[in-house]
Amino acid sequence: MKDLEFELNSMDIHPNSEIKGTISVAYPGRYDGVVVNTTILDSNEHIIYKSYNGKKISQNVSRLFINKDVMPEHKAEFSAEINFNTEKEHEVKFRVSIIEQHKEIESKIIFAKYSN
């Protein structure tokens, strides 16, 4: 296993559908947690994170940080959604990074598609 693994439940996203992501960390050094950044390309819209590891997120956040202290077995799951109608297809860039003392140690990028 690499230091960082990241998967999405679907690479084809539609309005109001639940997006689920799974993150696994095998980094041998000390780290503070992982951060998930998402960009909807060619758009001013944002993703809305709903939960991580079963814990609901009460406010809308556009960047999700998950502390390693709440990552049993160095794994995390999150859920999110995108809620806007579009006439065209957008690429959605998900970037997950391992963070150690405010520095990015390693990252992985996945591209998905968003359309009505």
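Before any of the text, the structure's been laid out above.
Bear in mind the structure is a predicted one, so any value in this text is a computation, not a measurement.

Caption draft 1: Spotlight on the packing of aromatic side chains. A complete count under the given rule lists five aromatic pairs for this structure. Taking 6.4 Å as the distance between ring centres and 55 degrees as the angle between the ring planes, the aromatic pair formed by F6 and F94 counts as tilted. In this pair, F6 sits in strand β1 (residues 4–8) while F94 sits in strand β9 (residues 90–100), placing the two residues 88 residues apart along the sequence. Across the pair, F94 and F6 agree in class, each one buried. A network of ring pairs unites the aromatic residues F6, Y49, F78 and F94 as a single cluster. A cation sits over an aromatic face here: K68 above Y31, 5.8 Å from the ring centre.

Caption draft 2: Quick peek at the pattern of salt bridges. Under the definition given, this model contains four salt bridges. With a closest N to O distance of 3.9 Å, K20 and E18 form a salt bridge. Look at E18 and you get partly exposed, because its relative accessible area is 49%. Between K50 and E81 there is a salt bridge, with the nearest N and O atoms lying 3.7 Å from each other. Here E81 lies in strand β8 (residues 75–81) and K50 lies in strand β5 (residues 48–52), a separation of 31 residues in the sequence. For K50, a relative accessible area of 34% gives the class partly exposed. Taking the relative accessible area as the measure of exposure, E81 reaches 18% and is therefore buried.

Caption draft 3: Expanded view of the side chain of S51. In this structure, S51 sits in strand β5. The buried category is assigned to S51, whose relative accessible area is 13%. Engagement of the side chain of S51 in a polar contact is seen with the side chain of S79, the distance being 2.7 Å. With residues up to four places along the chain from it excluded, the contact list for S51 reads K56, I57, E77, F78 and S79.

Caption draft 4: The arrangement of the sheet that holds β1 in detail. Read from one edge of the open sheet, five strands run β1-β3-β8-β5-β6, paired in antiparallel fashion. Looking at which strands have only one partner, the edges of the open sheet turn out to be β1 and β6 (55–56). Pairing of strand β3 (residues 19–25) with β8, which is carried by six bridges, proceeds in the antiparallel orientation. Its bridge partner being in β8, G21 is matched across the sheet by F78.

Caption draft 5: Highlighting the side chain of S115. Along the polypeptide, S115 turns up in the segment after β10 (103–114). With a relative accessible area of 16%, S115 lands in the buried category. Residues contacting S115, with those up to four places away along its chain left out, are D12, I13, H14, P15, T86 and E89.

Caption draft 6: The sheet that holds β10, seen in detail. The five strands lie next to each other as β2-β10-β9-β4-β7, forming an open sheet whose pairing is mixed. Across the chains shown, the open sheet's two edge strands, defined by having one partner strand only, are β2 (12–13) and β7 (63–67). Summarising the sheet, β9 and β10 pair through 11 bridges and their orientation is antiparallel. Within β10, the position partnered with I99 by the bridge is E104.

Scoring rules and cut-offs
- Residues numbered from 1 in each chain as written.
- Predicted model: local features only at pLDDT ≥ 70, side-chain atom pairs only at ≥ 80, totals over all residues.
- Heavy atoms only, no water.
- Phe/Tyr/Trp six-rings, centres within 6.5 Å; stacked < 30°, edge-to-face > 60°.
- Helix = DSSP H or I, 4+ residues; strand = E, 2+ residues; numbered from the N terminus.
- Buried < 20%, exposed > 50% of the residue type's maximum accessible area, 1.4 Å probe, protein only.
- Lys NZ or Arg CZ within 6 Å of the ring centre and 35° of its normal.
- Salt bridge = Lys/Arg side-chain N within 4 Å of Asp/Glu carboxyl O.
- Polar contact = N/O pair within 3.5 Å; in protein donor to acceptor, adjacent residues only side chain to side chain.
- Contact = heavy atoms within 4.5 Å.
- Pairing = 2+ DSSP bridges.

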